[in-house]
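Geometric and topological summary
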Amino acid sequence: MSTRTLVRGGLVITAAEETHADVLVEEGRVVALAAHGSSAAEAWTADRVLDATGKYVIPGGVDAHTHMELPFGGTFASDDFETGTRAAAWGGTTTIVDFAVQTVGHTLREGLDAWHAKADGKCAIDYGFHMILSDVDDSSLKEMDLLIEEGVTSFKLFMAYPGVFYSDDGQILRAMQRSSLNGGLIMMHAENGIAIDVLVEQALARGETDPRYHGEVRKVLLEAEATHRAIQLARVAGAPLYVVHVSAEEAVAELAAARDKGLPVFGETCPQYLFLSTDNLAEPGFEGAKYVCSTPLRPREHQAALWRGLRTNDLQVVSTDHCPFCFRGQKELGRGDFSKIPNGLPGVENRMDLLHQAVVDGHISRRRWIEIACATPARMFGLYPKKGTIAPGTDADLVIYDPKATQTLSAETHHMNVDYSAYEGKTVTGRVETVLSRGEVVIDRRTFTGRAGHGVYTPRSTCQYLN
Ligand code: URP
Ligand code: ZN
Ligand code: ZN
Ligand code: ZN
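Residue numbers restart at each chain and count upward from 1, following the sequence in its written direction. Chain letters and ligand numbers both follow the written order, the letters beginning at A and the numbers at 1. In view of the model being predicted, local features appear only for residues whose pLDDT reaches at least 70, and side-chain atom pairs are presented and counted only at 80 or more, with totals across whole chains, interfaces and linings using the full set of residues.

1. A look at the overall build of the protein chain
In plain terms, the rule: Counting from the N terminus, the helices are DSSP H or I runs at least four residues long and the strands are E runs at least two residues long. Buried, partly exposed and exposed are defined by the number of other C-beta atoms within 10 Å of a residue's own C-beta, namely 20 or more, between the two limits, and 12 or fewer respectively, with C-beta atoms placed from the backbone. Contacts are defined on C-beta atoms placed from the backbone: any two residues whose C-beta positions lie within 7 Å are in contact.
Counting its secondary structure elements, the protein chain contains 14 helices and 19 strands. The principal-axis extent of the C-alpha atoms belonging to the protein chain is close to 70 × 50 × 40 Å. A burial count over the protein chain gives 57% of its 467 residues as buried. Of the contacts formed within the protein chain by residues at least 6 apart in sequence, a portion of 75% connects residues at least 24 apart.

Right under this line is the structure:
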């Protein structure tokens, strides 16, 4: 039985335009838009009418960087696919692209199967996978081609974490060469992990064990150097490159210089780098552990360069790198040794709101908000226009967003399975009111009405941002 839903009276915002329009949804898809009050819209009948008067109607967020249940540092990220995707829905995100992991000595297939098993039947919203390559060799390179056929079209490599996820320059070059042939997109964690490990050892030997030293050893220069090196390797291979979680002004400069040469080099940053800083890492009493992630938070001065990069399109995407670890029992593993603090921050629920706050603060426009949070991640990772915009034929992943409501972010009220908020006490203007995932109301005026298993695996085409 097909249900017709009408979202009436809102300001529809996409990356391209803003219009006062009614949106008609049928069988999980947007079937038509018409100017609010027009005779076409007035003639529409529906089983369900959602009143969006005074609200925005925006595409559901596309968070292209999450780590549900990621094994890290002897523990696992505390959100699984059920809790993490429910929290995403609460925050107006209707698609995530999570990172399946190849572990050393195992195949990509094994890693991907394991991630399918974690996610299958659990998700409240749709999901896709990237693949983390931890063991680049002849057979894993061949497997990349097979994964692309199954809709896993992007591959993360690490210049950091020797002994865990790390690839050397030869492995990186070979994976890039392969991606230049098969259309895959290489995503790079750009930090010089070999040098960082030396600095970690030296810091610990000096008795510098507090969380703030995590930020000191993971130097800006070592992010900039790795970013530069990744760009040169991609040039040699003739491959496009997407640098994840860019945090430093000097790394943005490397991306900007490459783009000025016309190279297909792209960058992502995350809300934590835009709103938090080394001041948080230096919070007393081990509180700084809550803010340990890699790349690390930077001195506040870097934020202006990130905002500028987002305005000038030297940075194209804001994802969360959602990788939560509870303070109690998980972050605490690194008391007395910052290098044992599991790396990662919670945030999948907060991204759309924090970026709306950036609109309110004048950093970006409303359409740029939708571009960096919905449309471009969808295009970059082969989900567009099914995801990331509102037009006839697209999935009806819609958010009715109240731009005037205020809320205070807090662990008391968030839905992520983690015992703290990185933004505890921060008041933001704007709040998700109602969320549709493929036409199904999953958040109804701030009540969760979705279910585990509604979300489906969504295969992706290759990067559409280059065409
Ligand atoms: O600290 C972080 N970012 N943890 C998640 C893994 C990664 O490097 O993205
Ligand atoms: Zn195996
Ligand atoms: Zn990373
Ligand atoms: Zn990550």
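2. With respect to the UniProt feature "domain: Amidohydrolase-related" (unreviewed entry) in the protein chain
Where we set the bar: UniProt positions are given in the numbering used here, feature names are shortened, and annotations may be inferred rather than shown by experiment.
As annotated in UniProt, the feature "domain: Amidohydrolase-related" (unreviewed entry) corresponds to residues 56-442 in the numbering used here. For the annotated span residues 56-442, helix accounts for 37% and strand for 19% of the residues, and the straight-line distance between the end C-alpha atoms is 17 Å.

3. So, the nonpolar core
Put simply, the test is: By definition, a nonpolar core groups buried Ala, Val, Leu, Ile, Met, Phe, Trp, Tyr and Cys residues that connect through C-beta atoms lying within 7 Å of each other.
In this structure, Val-23, Met-131, Ile-186, Met-188, Ala-230, Ala-234 and Leu-241 are the most contacted members of the largest nonpolar core, which totals 146 residues. Those residues in contact with Met-131 that lie beyond four places of it in its chain are Ala-100, Gln-102, Leu-108, Gly-111, Leu-112, Leu-147, Val-152 and Phe-155.

4. Things to note about the pairing of strand E13 (residues 185-189)
Selection rule: For two strands to be treated as a pair, DSSP must find at least two bridges joining them. Whether a crossover is right-handed comes down to one check: with the strands pointing away from the viewer, does the path from the first strand over the helix to the second run clockwise; if it does, it is right-handed.
Counting buried positions along E13 yields 5 of 5 residues, so the element is predominantly enclosed. Burial along E13 is two-sided: Leu-185, Met-187 and His-189 facing one way and Ile-186 and Met-188 facing the other are all buried. The sheet contact formed by strand E12 (residues 154-158) and E13 spans 5 bridges and is parallel. Directly across from Lys-156, in E13, lies its bridge partner Met-187. A crossover links E12 with its parallel partner E13, the connecting element being helix H5 (residues 169-182), and its sense is right-handed. With 3 bridges connecting them, E13 and strand E14 (residues 241-243) associate as parallel partners. Along E14, the bridge assignment pairs Met-187 with Tyr-242.

5. Digging into the site of ligand 1
The criterion, for reference: Being near a molecule or strand means, for a residue, that its backbone-placed C-beta atom lies within 6 Å of it. Any residue that is not Ala, Val, Leu, Ile, Met, Phe, Trp, Tyr, Cys, Pro, Asp, Glu, Lys or Arg is counted as polar, Gly included; the first ten are nonpolar and the last four charged.
Close to ligand 1 lie His-67, His-189, His-245, Cys-293, Ser-294, Asp-321, Cys-323, Asn-343 and Gly-344. Of the residues belonging to the shell around ligand 1, the class tally is 2 nonpolar, 6 polar and 1 charged.

6. What about helix H3 (residues 108-119)?
Filter applied, for reference: What a helix should span is 1.5 Å times the count of its residues minus one.
Helix length check: H3 (12 residues) gives 17 Å between terminal C-alpha atoms against 16 Å at 1.5 Å per residue, within 8%. Against the buried residues of H3 lie helix H2 (81-90), strand E10 (93-101), strand E11 (126-132) and helix H4 (138-149).

7. Some words on the packing of helix H8 (residues 220-237) against helix H9 (residues 249-260)
When two helices pack together, their arrangement is captured by the angle between the axes and the distance separating the axes. For the record, the criterion: To obtain each axis, a line is fitted to C-alpha atoms, and for helices this fit is confined to the stretch in contact; angles are then taken between N-to-C directions over 0 to 180 degrees. Here is the rule for angles: anything less than 35 degrees is roughly parallel, anything more than 145 is roughly antiparallel, 65 through 115 is roughly perpendicular, and the remaining ranges are oblique. Should the near helix be turned anticlockwise from the far one by less than a right angle, the crossing is termed left-handed; should it be turned clockwise, right-handed.
At their nearest, the axes of H8 and H9 sit 8 Å apart, and the two run at 20° to each other. What the angle tells us is that H8 and H9 run roughly parallel. At the point where H8 passes H9, the crossing takes the right-handed sense. Contacts between H8 and H9 involve Val-220, Leu-221, Glu-223, Ala-224, Thr-227, His-228 and Ile-231 from the first element and Glu-250, Ala-251, Glu-254, Leu-255 and Ala-258 from the second. Grouping the amino acids of the contact of H8 with H9 by side-chain chemistry returns 7 nonpolar, 2 polar and 3 charged.

8. As for the sheet that holds strand E16 (residues 317-318)
Here 8 strands make up an open sheet; going across it, the order is E7-E10-E11-E12-E13-E14-E15-E16 and the pairing parallel. The open sheet terminates on both sides in strands that have one partner only, identified here as strand E7 (61-66) and E16. Sheet analysis places strand E15 (residues 265-269) next to E16, joined by 2 bridges and oriented parallel. Counterpart to Glu-268 in the pairing with E16 is Val-317.

9. Digging into the environment of Thr-427
Looking at the secondary structure, you find Thr-427 in strand E18 (residues 427-437). For the pair Thr-427 and Gln-407, spaced 20 residues apart in sequence, the C-alpha separation works out to 5.5 Å. If we skip the residues at most four places from it in the chain, Thr-427 touches Thr-406 and Thr-408.

10. Here we look at the confidence of the model for the protein chain
The condition that has to hold: By definition, pLDDT measures how confident the predictor is in each residue, and it falls between 0 and 100.
Averaged over every residue, the pLDDT of the protein chain is 98; residues scoring 70 or more account for 100%. Scoring of the predicted complex yields 0.98 for pTM and 0.95 for ipTM.

11. With respect to H4
Note: α-helices contain 3.6 residues per turn, so residues at a spacing of three or four share the same orientation. To keep it simple, the criterion reads: What the arc describes is the spread of directions from the helix axis to the C-beta atoms.
Those residues of H4 that fall on the buried side of the exposure criterion are Ser-140, Glu-143, Met-144, Leu-147 and Ile-148. The buried residues of H4 occupy an angular sector of 145° when the element is viewed end-on, so they sit on one face. Seen from the open side of H4, the exposed residues pointing more than 90 degrees away from its buried face are Asp-138, Ser-139, Lys-142 and Glu-149. Packed against the buried residues of H4 are H3, E11, E12 and H5. Gly-151 lies just past H4 and shows a positive phi near 90°.

12. A short note on unusual backbone geometry
What you tend to see is this: most non-glycine residues have negative phi, and most peptide bonds are trans. Here the residue pair Ser-294 and Thr-295 is connected by a cis peptide bond, since its omega of -5° sits within 30 degrees of zero. Relative to the assigned elements, Thr-295 resides in the loop between helix H11 (278-281) and helix H12 (302-312). With an omega of 0°, the peptide bond running from Tyr-384 to Pro-385 counts as cis. Here Pro-385 shows up in the loop between helix H14 (366-380) and strand E17 (398-408). For Asp-321, which is not glycine, the phi torsion reads 55° and is therefore positive. If you check the backbone angles, Arg-445 has positive phi at about 45° while not being a glycine. The residue Arg-445 is located in the segment after strand E19 (440-443) in this model. You can call Arg-445 exposed: it has 12 C-beta atoms within 10 Å.

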